[in-house]
Amino acid sequence: MGICWPKPAKCAHASSTNFSGSAKTHSKTKQESTSATAKSPPEGSNKAFIVSKPHKPVSGNLKADTSVSNNLKSFSFSDLKNATKNFRQDTLLGEGGFGCVFKGWIDENTFAPTKPGTGIVVAIKRLKAESFQGHKEWLAEVNYLGQLHHENLVKLIGYCVESENRLLVYEFMPKGSLENHLFKKGVQPISWATRMHIAMGVARGLSFLHCLNANVIYRDLKASNILLDSDYNAKLSDFGLARDGPTGDNTHVSTRVVGTRGYAAPEYVATGHLTPKSDVYSFGVVLLELLSGKRAMDDERAGFSEETLVDWAKPFLSDNRKVLRIMDTRLGGQYSKKGAQAAAALALQCLHTDPKNRPCMVDVLASIERLHATRDTPRTPQQSQAKLDHHGIKHVNSPHKARAPTTNSY
Ligand SMILES: Nc1ncnc2c1ncn2[C@@H]1O[C@H](COP(=O)(O)OP(=O)(O)OP(=O)(O)O)[C@@H](O)[C@H]1O
Ligand SMILES: [Mg+2]
């Protein structure tokens, strides 16, 4: 979370410093605050519900704040120590700006710690002791994820607050983060169909958050916050920066500028004015990462020029004849030219400089669903190398036999 120059994923909380320090207030603006209202299930979403909106996601009073999330389990620190073999190194799943994430085991019914390998697996995030900003974000996460439930949001099982210790206990996501699948060296590249399936899951999660009943702006969409279950279903994690969306006549929410460089919408960085369209921009960046296999912000690409993936890709996206040049060469010919062009056109719309010209998330979701449903002919069919992926979709090139890179260089 948080601002990240120049390495987005690992310096998050240091982070909650301003991007530009130029956040302004405005007459049609809602300050960083929320109200308590009971919510009914959002329309058109039978697998999602909101118990109620957080009363006050950010405050110093722990007892008062966590009491609203009484559907969450309150763990003791010693339970979580036992569940992770005393936070042993071999249970470490990853590390972010907030702290380290460990694999743990608990009993399915009682949630008591169990012997490793028995009961259910959970992911336990432990806030770094020195992380001052982390406390605020920890609390926001407890409040939001305690109330919002959807198949494309990671499930928060419980939390621990004991003296200086702040921890969160989540459902375990066996395939880890999208970041690892797209950018980690030595990892088998994910197929085109899987990438579109992931984009669809992310779009569903964001559409749910933006719906009138939830009205939440996520504010931290990036590959490392998209977690994957065993079937590559995407779930959004990390709600520490989430905020209630504008209500009534307000057009936006005024906030400190936080987020991750390369993903944050330019107008938000410039003004601090946050709208659901800020998330749409970040979705456009993630879609571009899925298409190109390149990071939103890459030290090696950017050098000292600070060029983002969006800066690099935009000239190609706006010319249908050049679109294929941005595509991840590891995909080989798994996608059709039409499919790639449609996905690139959608990314371009999401990345429009003027937020008013970006589509809203439900329309983005409809486009992705159409794209995913179209099983048109791949670009370079090589039936002899055809493979079925875990969605039962045929792929023509093994990742190791991808066509030689053409123009995807910097
Ligand atoms: N529920 C989970 N199941 C499995 N692995 C997880 C889970 N939550 C987090 N992880 C792993 O831990 C890593 C670190 O996550 P974390 O959210 O702390 O940091 P980050 O997203 O990389 O950075 P940031 O602090 O900027 O959000 C993730 O990249 C992922 O690999
Ligand atoms: Mg994260």
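To be clear, the structure that these remarks concern was listed above.
Report follows, based on the coordinates. (Residues numbered from 1 in each chain as written. Chains lettered and ligands numbered in written order. Predicted model: local features only at pLDDT ≥ 70, side-chain atom pairs only at ≥ 80, totals over all residues. Heavy atoms only, no water.)

## Section: the coordination of the magnesium ion (ligand 2)
Now for step 1: Listed as protein donors to the magnesium ion (ligand 2) are Asn-225 (OD1) and Asp-238 (OD); their distances from the metal cover 2.0 Å. In this pair, Asn-225 is assigned in the loop between strand S10 (216–217) and strand S11 (226–228) and Asp-238 in the loop between strand S12 (234–236) and strand S13 (243–244), connecting sequence segments 13 residues apart. Per residue, the accessibility class of Asn-225 equals that of Asp-238, and both read buried. (Donors = N, O, S within 2.8 Å, 3.2 Å for Na, K, Ca; no water. Helix = DSSP H or I, 4+ residues; strand = E, 2+ residues; numbered from the N terminus. Buried < 20%, exposed > 50% of the residue type's maximum accessible area, 1.4 Å probe, protein only.)

## Some thoughts on the sheet that holds strand S8 (residues 156–162)
Across a sheet, paired strands are connected by hydrogen bonds in the backbone, their directions being either parallel or antiparallel.
Now for step 1: On the basis of which strands lie adjacent, the open sheet formed by 6 strands has the order S3-S8-S9-S6-S5-S4 and mixed pairing. The open sheet terminates on both sides in strands that have one partner only, identified here as strand S3 (73–74) and strand S4 (92–95).
Now for step 2: Pairing of S3 with S8, which is carried by 2 bridges, proceeds in the parallel orientation. Pairing of Ser-74 across the sheet is with Tyr-159, part of S8. (Pairing = 2+ DSSP bridges.)

## Thoughts on the environment of Asn-233
Now for step 1: For Asn-233, the location among the structural elements is in the loop between S11 and S12.
Now for step 2: Taking the C-alpha atoms as reference points, Asn-233 and Asn-152, separated by 81 residues in sequence, lie 7.5 Å from one another.
Now for step 3: Each residue touching Asn-233, except ones within four places of it in the same chain, is listed here: Met-173, His-197, Leu-227 and Leu-228.
Now for step 4: There is a polar contact of 2.8 Å between the side chain of Asn-233 and the side chain of His-197. (Contact = heavy atoms within 4.5 Å. Polar contact = N/O pair within 3.5 Å; in protein donor to acceptor, adjacent residues only side chain to side chain.)

## Regarding the packing of aromatic side chains
Now for step 1: For the structure on display, the rule yields 7 aromatic pairs.
Now for step 2: Centre to centre, the rings of Trp-138 and Tyr-159 are 6.1 Å apart; their planes meet at 85°, and the pair counts as edge-to-face. Separated by 21 residues along the polypeptide, Trp-138 in helix H3 (residues 132–147) and Tyr-159 in strand S8 bring together distant segments of the chain. Assigned by exposure class, Trp-138 and Tyr-159 land together as buried.
Now for step 3: Over the ring of Phe-75 we find Lys-73, and its NZ or CZ is 5.7 Å from the ring centre.
Now for step 4: Its guanidinium or amino end placed over the ring of Phe-87, Arg-126 lies 4.5 Å from that ring's centre, counting from NZ or CZ. (Phe/Tyr/Trp six-rings, centres within 6.5 Å; stacked < 30°, edge-to-face > 60°. Lys NZ or Arg CZ within 6 Å of the ring centre and 35° of its normal.)

Function-wise, these values are silent; they only describe arrangement.
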